[in-house]
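Take a look at the letters that make up each chain.
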Amino acid sequence: MFQFVCFCICIAIIKKIAGFDPKQGWGPILPFLFVGLLLSGFIGLSPLFVLILIGLLFSRSSEEKKPKKSDSRKKTDTAARNASPAGKRTSSKRSTSQTGGAASYPGIPSASKKRRKIVADFNETHGLNLTEDEIDRIVEGSYLSADWAEEIRDMTEDYETISAWYANGTSWLKAYLSAFQMQSISSDFQVQEQIVFDSFDRVFSDICRSPEQTVEEAVERINRKYLTRFNETTFTIAYRFLESKGKKYPISFAPLYSVNEEIDDLLEKYSDRRTVRPMR
């Protein structure tokens, strides 16, 4: 009877020390019990002592096989930081630019919804024909680039005429948004500049081939063929932009002295004056 009680106590201790798992059953422990009982008979040691010793050895080997929680948690955290939703590494440079000057640009709110409302209201007021997706890309670009943030700030101002908006900042982009009914917008401002150049260059290379052709004739032909909304002012801005990039097309500017003077006057008038419209 005493031996049976000792045997039960040994079994309980082995289960506790070795970390008995009910899902695995007695399979991993039975060999140790059998070997322990044999050794106790051969070397004359107490069965309780031998079984406890074997249980300790089994428990130590089991712990070495288990992965450390801290290591697995560290690997998980590292993977979460390095992986983007698409499975690519997130650029630290891009994260820095998002939290840089563009995210808290002076003169415009930091919330994307409010920035979007500024662009949407200006788009509706001046008929720029920007789509919902294009407005979203402008807002996204304002967090990546101070140039796009500046464009949104320009949209918060009140202008006596649309020409005053052209004269405020990047006239080439504003002329493009106004003249083309179907635009292509990129959140990358350098890519946007290339898009505008290619668009202007395409229509000018097709229409402006004769030095005897007047601006009025060229504007009419461009608008009729490409369904654009160029006028003498936006045409002149586009021409100057292409010229600054090394592209000069033959065209007669004789009737446009008044237009050139108007643009210069507007540039001078609005260079030091900025009336910010209150936020709604």
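Procedures and definitions
- Residues numbered from 1 in each chain as written.
- Predicted model: local features only at pLDDT ≥ 70, side-chain atom pairs only at ≥ 80, totals over all residues.
- Heavy atoms only, no water.
- pLDDT = per-residue confidence, 0-100.
- Helix = DSSP H or I, 4+ residues; strand = E, 2+ residues; numbered from the N terminus.
- Contact = heavy atoms within 4.5 Å.
- Buried < 20%, exposed > 50% of the residue type's maximum accessible area, 1.4 Å probe, protein only.
- Salt bridge = Lys/Arg side-chain N within 4 Å of Asp/Glu carboxyl O.
- Core = buried A, V, L, I, M, F, W, Y, C linked by side-chain atoms within 4.5 Å.

**What to know about the confidence of the model for the chain**
Should the pLDDT be low somewhere, the predicted coordinates at that spot are not to be read in detail.
Alright, step 1. Mean pLDDT over the chain stands at 73; residues scoring 70 or higher make up 54%.
Alright, step 2. The least confident element of the chain, judged by mean pLDDT, is helix α5 (residues 92–98) at 35; the most confident is helix α10 (residues 171–179) at 96.
Alright, step 3. pLDDT under 50 marks residues 275–280. Its contacts with residues more than four places away, or in other chains, come to 13 contacts.

**Some details on α10**
Alright, step 1. Taking burial as the measure, the nine residues of α10 include eight buried ones, the bulk of the element.
Alright, step 2. For α10, the complete set of buried residues consists of W172, L173, K174, A175, Y176, L177, S178 and A179.

**Section: the pattern of salt bridges**
For side chains of opposite charge, pairing can occur when their charged atoms come near one another.
Alright, step 1. Under the defined criterion, the tally for this structure stands at twelve salt bridges.
Alright, step 2. Here R116 makes a salt bridge to E132, at a shortest N to O gap of 2.3 Å. Of this pair, R116 sits in helix α6 (residues 112–126) while E132 sits in helix α7 (residues 132–144); the two residues are 16 residues apart in sequence, bridging distant segments of the chain.
Alright, step 3. For K117, the salt bridge is made with D121, and the minimal N-O distance between the two is 2.8 Å. Note that K117 and D121 are positioned in helix α6 at a spacing of four residues, about one turn of the helix.
Alright, step 4. For K117, a relative accessible area of 39% translates into the label partly exposed.
Alright, step 5. Put simply, R116, E132 and D136 are held in one network by salt bridges that share partners.

**Examining the environment of L242**
Alright, step 1. Within the secondary structure layout, L242 lies in helix α13 (residues 232–244).
Alright, step 2. Once the C-alpha coordinates of L242 and V196 are considered, the two residues, 46 residues apart in sequence, prove to be 9.7 Å apart.
Alright, step 3. In this structure L242 touches F197, F200, D201, F204, K247 and Y249, once residues within four positions along its chain are discounted.

**Remarks on the side chain of Q213**
Alright, step 1. For Q213, the location among the structural elements is in the loop between α11 (189–207) and α12 (215–226).
Alright, step 2. On the basis of relative accessibility, which here comes to 7%, the residue Q213 falls in the buried class.
Alright, step 3. Among residues more than four places away in sequence, those in contact with Q213 are I207, C208, A218, R221, I251 and S252.

**Looking at the nonpolar core**
What tends to happen in soluble globular proteins is that the nonpolar side chains get buried as a cluster.
Alright, step 1. Ranked by size, the top nonpolar core spans 50 residues in total, and within it F200, F204, F230 and F235 carry the most contacts.
Alright, step 2. The leading source of residues in this core is α11, at eight residues.
Alright, step 3. The contacts of F200, once residues within four sequence positions are left out, are W172, A175, Y176, F180, F230, A238, F241 and L242.

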